[in-house]
Amino acid sequence: MISSLKFVSSSHDSTLFVKCTNASHIIMSLYVDDKIIIGDNIGGISVFKTNLAKQFEMKDLGYQR
């Protein structure tokens, strides 16, 4: 699922996934049933979370500064 969204697993940490484009970077870290998503493209993160929610039950704690 994650790879179909063009995320690549880190060679250093199997729980870290990265998507880099010319326009943005999005990083997701998974631990058991928790995930942290960070990046420099809020719109891209929103689309990513929407796609994840279609496949998995999840809660969104919202945008944190």
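Structure: above.
Q: For this particular structure, what's the right way to read the overall build of the chain?
A: Looking only at helices and strands, the chain has one helix and four strands in total. Listed by position from the N terminus, the elements making up the chain come as β-β-β-β-α. Whereas a compact globule of 65 residues would reach a radius of gyration of roughly 11 Å, the chain reaches 11 Å, a difference of no more than 12%. Expressed as lengths along the three principal axes of its C-alpha atoms, the size of the chain is roughly 25 × 25 × 25 Å. Burial status across the chain gives 17% buried among its 65 residues.

Q: Is there a simple way to think about a nonpolar patch on the surface in this case?
A: On the surface, a cluster of nonpolar side chains totalling about 260 Å² of accessible area is made up of I27, I36 and I38. You can see I36 is positioned in strand β4 (residues 34-39).

Q: Can you help me understand the side chain of S24 in this one?
A: Topologically, S24 is positioned in the loop between β2 (16-20) and β3 (25-31). Residue class for S24 comes out buried when judged on its relative accessible area of 8%.

Q: Mind showing me how you'd approach helix α1 (residues 42-55) here?
A: An α-helical segment advances 3.6 residues per turn. Residues three or four places apart therefore align on the same side. If you check α1, its first and last C-alpha atoms are 20 Å apart, about what 14 residues at 1.5 Å a residue would give, namely 20 Å. Listed as buried for α1 are I45, F48 and L52. Here the buried residues of α1 occupy an arc of 65° about the axis, which is enough to place them on one side. For α1, exposure combined with an orientation more than 90 degrees from the buried face picks out V47 and K54. Where α1 begins, the side chain of N41 points an oxygen toward the backbone nitrogen of G43, at a separation of 3.1 Å.

Q: Can you walk me through unusual backbone geometry in this structure?
A: What you tend to see is this: most non-glycine residues have negative phi, and most peptide bonds are trans. Its identity as a non-glycine residue notwithstanding, K6 has a phi of 70°, on the positive side. You can see K6 is positioned in the segment before β1 (8-9). The exposed category is assigned to K6, whose relative accessible area is 63%. Backbone geometry places V32, a non-glycine residue, at a positive phi of 50°.

Basis of the calculations
Residues numbered from 1 in each chain as written. Predicted model: local features only at pLDDT ≥ 70, side-chain atom pairs only at ≥ 80, totals over all residues. Heavy atoms only, no water. Helix = DSSP H or I, 4+ residues; strand = E, 2+ residues; numbered from the N terminus. Rg over C-alpha atoms; globule rule 2.2 N^0.38 Å. Buried < 20%, exposed > 50% of the residue type's maximum accessible area, 1.4 Å probe, protein only. Patch = residues over 30% accessible without salt bridge, like charges linked within 9 Å, V, L, I, M, F, W, Y side chains within 5 Å. Areas by Shrake-Rupley, 256 points an atom, 1.4 Å probe, with all protein chains shown as cover. Salt bridge = Lys/Arg side-chain N within 4 Å of Asp/Glu carboxyl O. Expected span 1.5 Å × (residues − 1). Arc of directions from axis to C-beta. Polar contact = N/O pair within 3.5 Å; in protein donor to acceptor, adjacent residues only side chain to side chain.

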